[in-house]
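Residue strings, one per chain:
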Amino acid sequence: MGGGHQRGPGLLLGHLFEPRLGRRFGWLWGAYGASALGTWLAFGAFPLIAVRVLHAGPAEVAALSATGAAVGAAVAVPLGPWVEFRRKRPVLIATDLARCAALLTIPLAFALGALTFLQLLLVSVVVAAADITFRAASGAYLKALLPAEDLLVANARFESTAWTTTIIGPPLGGAAIGLLGPVATVVADAVSYLLSALGIRAMGGYEARPARRDAARGRPGDLLDGWRHILADATLRPLFLNTAAFNALVMAAEPLLAVLMLGRFGFTPWQYGLAFAAPSIGGLLGARLARPLVTRFGQHRVLVGSGTLRAVWPVGLAFLGPGTGGLLLVMGVELGLIFCCAVFNPVCATYRLERTATGRVARTLSAWSVTTKAATALLTAVWGVLGALLGPRTAIGLAGALVLATPLLLPRRPAPLPTTPEPAPSRA
């Protein structure tokens, strides 16, 4: 896939016009867009509620992110094998409805004057577990829905949609909070999951029952099968370690950045949202370029190159200051980071699906997400303590310095695809 005989910008521009992927994918894509918009409307809602309503400090805000992710990951561990041997659409709908119901308890408790930090923790656990389960089921469903040659196109569309909603969501969410109160965006997020469930329900079509009929009993080995597959693959293993380390270190600094911007430096919610929304234009560009770059330079080169470049940006957040200069610094760092991640993410997602048999996708993606969530939870808790001891700025700088080492974990050389034959996907 090096494509060395094709040169010039025409190749890149030509790939901006992607093929149609069918009506059922269209519904799936629309459902994803609805839930992604709700997520970004509610960007930073839990830390904001914790700080502004419950008067939580840096350690408590970090604990909110860490505990929810850790316990949610633990709850999701047995759900991966359970999802593997069931039809995926009902699982997708159920997890959307579970997230909707859990989130709606927050505005209800707020209206009654009964909202507590414990409730925020419990809701974050439910949402985290449902997120992992949804990702596992949706990845398996996507691989069964589309042929292999369309997977990168589909993943790039999801990535592009994610960054589009990132541009729109946080500023609108910040404005909504200013006009309607701190829990307004939580209501919007809950409604978005309801819309997602309705969209997936509207897809229709036949979904074959997975082969194993004794899934209800399960096997103890199923819990570890996803990890076995990842660690046994010479290229998935380093990629797995790289993404877990990178995501955990970047996310561990997020609560401290929120405390620094919303607390010490006095940025308003709309400014905080703008700092992450405006740079997301880089995400749109990166996602659109992922497929043409792979066509020209090859999957492995793009994976390693974008994975390396994304690591150079986070350390810049250590130089954050107040006022316009500080806001522009955050926006510049996020622009570079987001562009590189938007190229990396769909290529990585496609790479995982290509190297995983259809009957093992849900367990593999579940193991991947559980590990990433658990690593993020652990480092978020550690960085909460470091933020209290060393100050938020120093802790953010330390995380950025460690991110610089993550490219060492990327796979050094490409490997051939597995030779196990795959069943043909159904477009029924």
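Residues numbered from 1 in each chain as written. Predicted model: local features only at pLDDT ≥ 70, side-chain atom pairs only at ≥ 80, totals over all residues. Heavy atoms only, no water.

Peer 1: Would you mind showing me how to read the overall build of the protein chain here?
Peer 2: Along the backbone of the protein chain there are 18 helices and zero strands. Within the protein chain, the proportion of its 428 residues that are buried is 55%. Sequence separation of 24 or more characterises 87% of the internal contacts of the protein chain that already satisfy a separation of 6 or more. A total of about 18,000 Å² of accessible surface is found on the protein chain, and carbon and sulfur atoms cover 70% of it. (Helix = DSSP H or I, 4+ residues; strand = E, 2+ residues; numbered from the N terminus. Buried < 20%, exposed > 50% of the residue type's maximum accessible area, 1.4 Å probe, protein only. Contact = heavy atoms within 4.5 Å. Areas by Shrake-Rupley, 256 points an atom, 1.4 Å probe, with all protein chains shown as cover.)

Peer 1: In this structure, what is going on with the pattern of salt bridges? I would like to understand it.
Peer 2: Oppositely charged side chains are able to pair whenever their charged atoms sit close together. Applying the stated rule across the entire model yields six salt bridges. Taking the shortest distance from any N to any O, the salt bridge between D233 and R355 comes out at 3.0 Å. Here D233 is found in the loop between α10 (222–232) and α11 (236–252), whereas its partner R355 is found in the loop between α16 (323–354) and α17 (361–390), with 122 residues between them in sequence. Residue class for R355 comes out buried when judged on its relative accessible area of 6%. (Salt bridge = Lys/Arg side-chain N within 4 Å of Asp/Glu carboxyl O.)

Peer 1: How do you make sense of the nonpolar core when you look at a structure like this?
Peer 2: A general tendency of soluble globular proteins is for nonpolar side chains to be buried together. The biggest cluster of nonpolar side chains holds 33 residues, and the ones touching the most others in it are M261 and W383. Those elements that provide at least two residues to this core are α11, α12 (254–264), α13 (269–277), α16, α17 and α18 (392–403). When sequence neighbours within four positions are dropped, the list of residues in contact with W383 reads L249, A252, L256, A395, L398, A399 and L402. Judged by nonpolar contacts, the second largest core, of 27 residues, contains F25, V83, F134 and A362. (Core = buried A, V, L, I, M, F, W, Y, C linked by side-chain atoms within 4.5 Å.)

Peer 1: Got a minute to help me understand the side chain of S196 in this structure?
Peer 2: Here S196 shows up in helix α9 (residues 184–201). Apart from the residues lying within four places of it in its own chain, the contact partners of S196 are A31, A34, S35 and D96.

Peer 1: For this particular structure, what's the right way to read the confidence of the model for the protein chain?
Peer 2: One rule of thumb: low pLDDT means the predicted coordinates there are not for detailed reading. Confidence along the protein chain averages 85 in pLDDT terms, with 89% of residues attaining 70 or more. Counted against residues more than four places away or in other chains, residues 1–18, with its pLDDT under 50, gives 31 contacts. Below pLDDT 50 for its whole length, residues 421–428 participates in 22 contacts with residues either more than four positions away or in separate chains. (pLDDT = per-residue confidence, 0-100.)

Peer 1: Looking at this model, I keep getting lost on α17. Mind explaining?
Peer 2: Two residues of an α-helix separated by three or four positions point the same way, owing to the 3.6 residues in each turn. For α17, built from 30 residues, the straight-helix expectation of 44 Å at 1.5 Å per residue is met to within 8% by its first-to-last C-alpha distance of 42 Å. Immediately downstream of α17, the backbone of G391 shows phi near 100°, a positive value. (Expected span 1.5 Å × (residues − 1).)

Peer 1: Would you mind showing me how to read the packing of helix α6 (residues 88–111) against α9 here?
Peer 2: A pair of packed helices is characterised by two quantities: the angle between their axes and the separation of those axes. Two elements in contact, α6 and α9, have axes whose closest approach is 8 Å; the angle formed by their N-to-C orientations is 160°. Overall, the two elements α6 and α9 adopt an arrangement that is roughly antiparallel. Of the two elements, α6 crosses α9, and the hand of that crossing is left-handed. In this structure, α6 contributes R89, L92, I93, D96, L97, R99, C100, L103, L104, I106 and P107 to the contact, and α9 contributes V186, V187, D189, A190, Y193, L194, S196, A197, I200 and R201. (Axes fitted to C-alpha atoms, helices over the stretch in contact; angles between N-to-C directions. Parallel < 35°, antiparallel > 145°, perpendicular 65-115°, else oblique. Left-handed = near helix turned anticlockwise from the far one by under 90°.)

Peer 1: Before we go on, may I ask you to explain the environment of G282 in this structure?
Peer 2: Position of G282 among the secondary structure elements: in helix α14 (residues 281–297). Take G282: its relative accessible area is 5%, and that puts it in the buried class. Residues G282 and W163, 119 residues apart in the sequence, show an inter-C-alpha distance of 8.2 Å. Once residues within four sequence positions are removed from consideration, G282 is found in contact with L335, I338, F339 and A342.

Peer 1: What is the right way to read the packing of aromatic side chains from this model?
Peer 2: Within a pair of aromatic rings, the relevant descriptors are the distance that separates the centres and the angle that separates the planes. Considering all chains together, one arrives at five aromatic pairs under this definition. Judged by centre distance (5.5 Å) and plane angle (55°), the rings of F25 and F158 are tilted. Of the two residues, F25 sits in helix α2 (residues 23–41) while F158 sits in helix α8 (residues 151–180), which places them 133 residues apart along the sequence. For the pair F25 and F158, one class covers both residues: buried. The cationic tip of R99 hangs over the ring face of F134; the distance from NZ or CZ to the ring centre is 4.7 Å. Just above the ring of F246 sits the side chain of R310; from NZ or CZ to the centre is 3.8 Å. (Phe/Tyr/Trp six-rings, centres within 6.5 Å; stacked < 30°, edge-to-face > 60°. Lys NZ or Arg CZ within 6 Å of the ring centre and 35° of its normal.)

Peer 1: Where do I start with the side chain of Q299 in this structure?
Peer 2: Here Q299 is to be found in helix α15 (residues 299–309). Classification of Q299 by relative accessible area gives buried; the value is 17%. Not counting chain neighbours up to four residues away, the residues in contact with Q299 comprise V294, V347, T350, Y351 and E354.

Peer 1: I tried to follow the environment of A31 on my own but got confused; where do I start?
Peer 2: Relative to the elements of secondary structure, A31 occurs in helix α2. The sequence separation of A31 and A197 amounts to 166 residues, and the corresponding C-alpha distance is 7.1 Å. Not counting residues up to four positions away in its chain, the partners in contact with A31 are S196, G199 and I200.

Peer 1: For this particular structure, what's the right way to read the state of the cysteines?
Peer 2: Two cysteines joined by a covalent bond between their sulfur atoms form a disulfide. One pass over the structure, following the stated rule, counts zero disulfides. Considering cysteine sulfurs only, C341 is the nearest to C340, which forms no disulfide, with 7.0 Å between them. Overall, the relative accessible area of 8% leaves C340 in the buried class. (Disulfide = S-S within 2.5 Å.)

Peer 1: How do you make sense of the environment of L64 when you look at a structure like this?
Peer 2: Relative to the assigned elements, L64 resides in helix α4 (residues 58–76). Residue class for L64 comes out buried when judged on its relative accessible area of 3%. As for L64 and S124, which are separated by 60 residues in sequence, their C-alpha atoms are 7.8 Å apart. Here L64 is in contact with F46, P47, A50, F117, L120, L121 and S124, once residues within four sequence places are set aside.

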